[in-house]
Amino acid sequence: MFQIEPETSQDSYEVEWLYDTCFAPGREALSSYRLREGVPRVAELCLVARDENDIVAGAIRYWPVLVGGTRALLLGPVAVHPTRQGEGLGALLMNESLHRARELGWHRVMLVGDEPYYRRFGFSKLEGVEMPPPTNPDRVLGIALQDGAWLGVAGEVTRFL
Ligand SMILES: CC(C)(COP(=O)(O)OP(=O)(O)OC[C@H]1O[C@@H](n2cnc3c(N)ncnc32)[C@H](O)[C@@H]1OP(=O)(O)O)[C@@H](O)C(=O)NCCC(=O)NCCS
(Lines give C-alpha, C1' and ligand atoms only; values in the text may rest on other atoms or scores of the structure.)
Protein backbone atom coordinates (compact mmCIF):
# COMPACT_ATOMS: atom_id res chain seq x y z
CA MET A 1 0.00 0.00 0.00
CA PHE A 2 1.16 3.48 -0.82
CA GLN A 3 0.28 6.74 0.88
CA ILE A 4 0.02 9.60 -1.62
CA GLU A 5 0.36 13.17 -0.34
CA PRO A 6 1.32 16.55 -1.78
CA GLU A 7 5.09 17.09 -1.61
CA THR A 8 6.29 19.31 1.24
CA SER A 9 9.68 20.96 1.75
CA GLN A 10 10.56 18.07 4.08
CA ASP A 11 10.12 15.59 1.21
CA SER A 12 12.30 17.43 -1.29
CA TYR A 13 15.65 15.84 -0.42
CA GLU A 14 14.21 12.31 -0.78
CA VAL A 15 12.40 13.20 -3.99
CA GLU A 16 15.61 14.59 -5.53
CA TRP A 17 17.38 11.41 -4.43
CA LEU A 18 14.67 9.33 -6.13
CA TYR A 19 15.02 11.30 -9.38
CA ASP A 20 18.83 10.94 -9.26
CA THR A 21 18.34 7.18 -8.83
CA CYS A 22 15.83 6.82 -11.67
CA PHE A 23 17.31 9.11 -14.33
CA ALA A 24 20.66 9.18 -16.05
CA PRO A 25 23.25 11.59 -14.62
CA GLY A 26 22.91 15.05 -16.10
CA ARG A 27 19.13 15.01 -16.07
CA GLU A 28 19.14 18.71 -15.21
CA ALA A 29 20.76 19.47 -18.57
CA LEU A 30 17.52 18.42 -20.33
CA SER A 31 15.69 21.20 -22.14
CA SER A 32 12.61 20.77 -19.94
CA TYR A 33 14.68 21.89 -16.92
CA ARG A 34 15.29 25.28 -18.62
CA LEU A 35 11.52 25.84 -18.46
CA ARG A 36 11.48 25.16 -14.72
CA GLU A 37 14.34 27.43 -13.68
CA GLY A 38 13.16 30.16 -11.35
CA VAL A 39 9.52 29.10 -11.68
CA PRO A 40 7.65 27.75 -8.64
CA ARG A 41 6.13 24.28 -9.00
CA VAL A 42 2.36 23.79 -8.99
CA ALA A 43 2.42 22.65 -5.38
CA GLU A 44 -1.05 21.04 -5.27
CA LEU A 45 -0.09 18.67 -8.10
CA CYS A 46 3.35 17.58 -6.89
CA LEU A 47 2.72 14.26 -5.17
CA VAL A 48 4.89 11.86 -3.19
CA ALA A 49 4.10 8.17 -2.64
CA ARG A 50 5.52 6.54 0.50
CA ASP A 51 5.46 2.82 1.15
CA GLU A 52 4.47 1.01 4.34
CA ASN A 53 7.93 1.80 5.80
CA ASP A 54 7.54 5.50 5.02
CA ILE A 55 10.16 5.27 2.25
CA VAL A 56 9.63 7.40 -0.86
CA ALA A 57 8.66 5.00 -3.66
CA GLY A 58 7.47 7.43 -6.32
CA ALA A 59 6.97 11.09 -7.08
CA ILE A 60 5.53 13.40 -9.70
CA ARG A 61 5.94 17.12 -10.21
CA TYR A 62 4.29 19.77 -12.41
CA TRP A 63 5.27 23.25 -13.55
CA PRO A 64 3.26 25.93 -15.35
CA VAL A 65 4.46 26.86 -18.84
CA LEU A 66 3.26 28.94 -21.76
CA VAL A 67 2.62 27.40 -25.18
CA GLY A 68 2.52 30.18 -27.75
CA GLY A 69 1.47 32.41 -24.85
CA THR A 70 -1.29 30.08 -23.56
CA ARG A 71 -1.08 28.53 -20.10
CA ALA A 72 -0.43 24.78 -19.82
CA LEU A 73 0.94 22.33 -17.30
CA LEU A 74 4.30 20.66 -17.90
CA LEU A 75 4.19 17.21 -16.31
CA GLY A 76 7.41 15.76 -14.99
CA PRO A 77 9.56 14.39 -13.75
CA VAL A 78 7.61 11.30 -12.75
CA ALA A 79 9.57 8.40 -11.33
CA VAL A 80 9.08 5.19 -9.38
CA HIS A 81 11.94 3.54 -7.50
CA PRO A 82 13.35 0.58 -9.50
CA THR A 83 12.37 -1.87 -6.75
CA ARG A 84 8.73 -0.70 -6.93
CA GLN A 85 8.26 -0.41 -10.70
CA GLY A 86 5.56 -2.42 -12.45
CA GLU A 87 3.19 -2.39 -9.46
CA GLY A 88 0.97 0.34 -10.91
CA LEU A 89 2.39 3.16 -8.83
CA GLY A 90 3.34 5.20 -11.90
CA ALA A 91 -0.25 4.93 -13.12
CA LEU A 92 -1.57 5.87 -9.68
CA LEU A 93 0.55 9.03 -9.58
CA MET A 94 -0.42 9.94 -13.14
CA ASN A 95 -4.14 9.37 -12.69
CA GLU A 96 -4.36 11.03 -9.28
CA SER A 97 -2.45 14.14 -10.33
CA LEU A 98 -4.35 14.49 -13.63
CA HIS A 99 -7.62 14.15 -11.72
CA ARG A 100 -6.52 16.90 -9.32
CA ALA A 101 -5.40 19.11 -12.23
CA ARG A 102 -8.83 18.78 -13.86
CA GLU A 103 -10.56 19.54 -10.54
CA LEU A 104 -8.38 22.63 -10.10
CA GLY A 105 -9.54 23.91 -13.49
CA TRP A 106 -6.41 23.35 -15.56
CA HIS A 107 -7.23 22.92 -19.26
CA ARG A 108 -4.23 21.15 -20.80
CA VAL A 109 -1.12 19.17 -19.86
CA MET A 110 2.03 18.49 -21.85
CA LEU A 111 5.16 16.44 -21.28
CA VAL A 112 8.25 15.11 -23.01
CA GLY A 113 8.31 11.32 -22.86
CA ASP A 114 7.69 7.92 -24.37
CA GLU A 115 4.35 7.84 -26.17
CA PRO A 116 4.02 4.03 -25.66
CA TYR A 117 3.83 4.63 -21.89
CA TYR A 118 1.82 7.84 -21.75
CA ARG A 119 -0.85 7.02 -24.35
CA ARG A 120 -2.62 4.79 -21.78
CA PHE A 121 -3.42 7.99 -19.86
CA GLY A 122 -4.75 9.72 -22.99
CA PHE A 123 -1.60 11.54 -24.15
CA SER A 124 -0.82 11.88 -27.86
CA LYS A 125 1.71 13.75 -29.96
CA LEU A 126 1.24 17.53 -30.03
CA GLU A 127 1.63 19.11 -33.46
CA GLY A 128 3.35 22.46 -33.67
CA VAL A 129 4.32 22.65 -30.00
CA GLU A 130 8.02 23.51 -29.93
CA MET A 131 10.11 22.64 -26.90
CA PRO A 132 13.52 24.28 -26.55
CA PRO A 133 16.10 22.26 -28.51
CA PRO A 134 17.30 19.60 -28.43
CA THR A 135 13.96 17.82 -28.08
CA ASN A 136 12.65 15.05 -30.35
CA PRO A 137 9.24 16.40 -31.55
CA ASP A 138 7.80 12.86 -31.45
CA ARG A 139 8.22 12.91 -27.65
CA VAL A 140 6.21 16.12 -27.15
CA LEU A 141 2.85 14.84 -25.92
CA GLY A 142 -0.31 16.38 -24.55
CA ILE A 143 -3.72 15.70 -23.09
CA ALA A 144 -6.77 17.96 -23.00
CA LEU A 145 -8.43 18.11 -19.58
CA GLN A 146 -11.30 20.12 -21.03
CA ASP A 147 -12.84 19.37 -24.43
CA GLY A 148 -10.79 20.77 -27.30
CA ALA A 149 -8.31 22.45 -24.98
CA TRP A 150 -5.35 21.98 -27.35
CA LEU A 151 -7.23 23.20 -30.47
CA GLY A 152 -5.38 26.21 -31.84
CA VAL A 153 -2.73 26.06 -29.11
CA ALA A 154 0.76 25.81 -30.62
CA GLY A 155 4.08 27.59 -30.83
CA GLU A 156 7.10 27.85 -28.61
CA VAL A 157 7.01 26.54 -25.06
CA THR A 158 8.35 29.22 -22.74
CA ARG A 159 8.74 29.82 -19.03
CA PHE A 160 5.68 31.01 -17.11
CA LEU A 161 6.97 34.10 -15.32
C1 LIG B 1 8.02 5.32 -16.17
C2 LIG B 1 7.76 4.93 -14.70
C3 LIG B 1 7.43 6.19 -13.91
C4 LIG B 1 6.56 3.97 -14.66
O5 LIG B 1 6.28 3.63 -13.31
P6 LIG B 1 5.70 2.18 -12.90
O7 LIG B 1 5.18 2.28 -11.51
O8 LIG B 1 6.67 1.13 -13.22
O9 LIG B 1 4.48 2.10 -13.94
P10 LIG B 1 3.19 1.19 -13.90
O11 LIG B 1 3.41 0.07 -12.91
O12 LIG B 1 2.03 2.06 -13.74
O13 LIG B 1 3.18 0.61 -15.37
C14 LIG B 1 4.11 -0.35 -15.76
C15 LIG B 1 3.93 -0.59 -17.25
O16 LIG B 1 4.48 0.52 -17.98
C17 LIG B 1 5.41 0.05 -18.92
N18 LIG B 1 6.44 1.06 -19.12
C19 LIG B 1 7.26 1.63 -18.21
N20 LIG B 1 8.08 2.50 -18.81
C21 LIG B 1 7.76 2.49 -20.13
C22 LIG B 1 8.25 3.19 -21.27
N23 LIG B 1 9.25 4.09 -21.16
N24 LIG B 1 7.67 2.93 -22.47
C25 LIG B 1 6.67 2.04 -22.59
N26 LIG B 1 6.15 1.34 -21.54
C27 LIG B 1 6.70 1.58 -20.33
C28 LIG B 1 5.96 -1.22 -18.29
O29 LIG B 1 6.53 -2.06 -19.27
C30 LIG B 1 4.69 -1.82 -17.71
O31 LIG B 1 3.94 -2.41 -18.74
P32 LIG B 1 2.80 -3.53 -18.46
O33 LIG B 1 1.71 -2.85 -17.68
O34 LIG B 1 2.35 -3.92 -19.83
O35 LIG B 1 3.51 -4.60 -17.69
C36 LIG B 1 8.97 4.18 -14.08
O37 LIG B 1 9.27 3.06 -14.88
C38 LIG B 1 10.22 5.03 -13.94
O39 LIG B 1 10.40 5.70 -12.94
N40 LIG B 1 11.11 4.98 -14.93
C41 LIG B 1 12.37 5.72 -14.86
C42 LIG B 1 12.13 7.22 -14.95
C43 LIG B 1 11.36 7.61 -16.19
O44 LIG B 1 11.67 7.14 -17.29
N45 LIG B 1 10.35 8.47 -16.01
C46 LIG B 1 9.50 8.91 -17.08
C47 LIG B 1 10.09 10.01 -17.88
S48 LIG B 1 9.68 11.63 -17.22
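Right, let's walk through the structure included here.

Reading the values: rules and limits
Residues numbered from 1 in each chain as written. Predicted model: local features only at pLDDT ≥ 70, side-chain atom pairs only at ≥ 80, totals over all residues. Heavy atoms only, no water. Helix = DSSP H or I, 4+ residues; strand = E, 2+ residues; numbered from the N terminus. Rg over C-alpha atoms; globule rule 2.2 N^0.38 Å. Buried < 20%, exposed > 50% of the residue type's maximum accessible area, 1.4 Å probe, protein only. Contact = heavy atoms within 4.5 Å. Areas by Shrake-Rupley, 256 points an atom, 1.4 Å probe, with all protein chains shown as cover. Lys, Arg positive; Asp, Glu negative; His and termini not counted. Charge placed at Lys NZ, Arg CZ, Asp CG, Glu CD. Core = buried A, V, L, I, M, F, W, Y, C linked by side-chain atoms within 4.5 Å. Salt bridge = Lys/Arg side-chain N within 4 Å of Asp/Glu carboxyl O. Near = heavy atom within 4 Å. Polar contact = N/O pair within 3.5 Å; in protein donor to acceptor, adjacent residues only side chain to side chain.

Within the protein one finds four helices and nine strands. Along the protein, from the amino end to the carboxyl end, the secondary structure elements read β-α-α-β-β-β-α-β-α-β-β-β-β. Whereas a compact globule of 161 residues would reach a radius of gyration of roughly 15 Å, the protein reaches 15 Å, a difference of no more than 12%. Overall, the C-alpha framework of the protein stretches about 45 × 35 × 30 Å when taken along its three principal axes. Within the span of the protein, comprising 161 residues, buried residues form 46% of the whole. Long-range pairs, those at least 24 residues apart, make up 69% of the contacts in the protein between residues at least 6 apart in sequence. Just so you have it, the protein exposes about 8,500 Å², and 52% of that area is on carbon and sulfur atoms. Computed over 16 positive and 22 negative side-chain charges, the separation of the two mean positions in the protein equals 3 Å.

We now examine the nonpolar core. What tends to happen in soluble globular proteins is that the nonpolar side chains get buried as a cluster. In terms of nonpolar packing, the biggest core is built from 27 residues, with Tyr62, Leu75, Met94, Leu98, Val109 and Phe123 touching the most fellow members. Breaking this core down by element, the ones donating at least two residues are β2 (47-50), β3 (56-67), β4 (70-80), α3 (89-103), β5 (108-112) and β8 (140-144). Tallying contributions element by element places α3 first for this core, with five residues. Not counting chain neighbours up to four residues away, the residues in contact with Leu98 comprise Tyr62, Leu75, Val109, Phe121, Phe123, Ile143 and Leu145.

What follows is about the pattern of salt bridges. Applying the stated criterion to the full structure yields 15 salt bridges. Of the charged contacts in the structure, one is a salt bridge between Arg61 and Glu16, with a shortest N-O distance of 2.7 Å. One end of the pair, Arg61, is in strand β3; the other, Glu16, is in helix α1 (residues 12-22), with 45 residues separating them in the sequence. The exposure class assigned to Arg61 is buried, which follows from its relative accessible area of 3%. Assessed through its relative accessible area of 27%, Glu16 is described here as partly exposed.

Looking now at the site of the ligand. In the neighbourhood of the ligand, 17 residues make up the surrounding shell, with Val80, Gly86, Gly88, Gly90 and Asp114 lying closest. In this structure, an oxygen atom belonging to the ligand sits 2.8 Å away from a main-chain N or O atom of Gly86. When the ligand sits alone it has 910 Å² of accessible area, and the protein chains cover 61% of it. Elements with a contribution of two residues or more to the shell around the ligand: β4, α3 and α4 (115-118).

What follows covers the side chain of Glu7. Looking at the secondary structure, you find Glu7 in the loop between β1 (3-6) and α1. Here the side chain of Glu7 touches Arg41 through a polar contact of 3.2 Å, side chain to side chain. If we skip the residues at most four places from it in the chain, Glu7 touches Ser12, Val15, Arg41, Cys46, Leu47, Val48 and Arg61.

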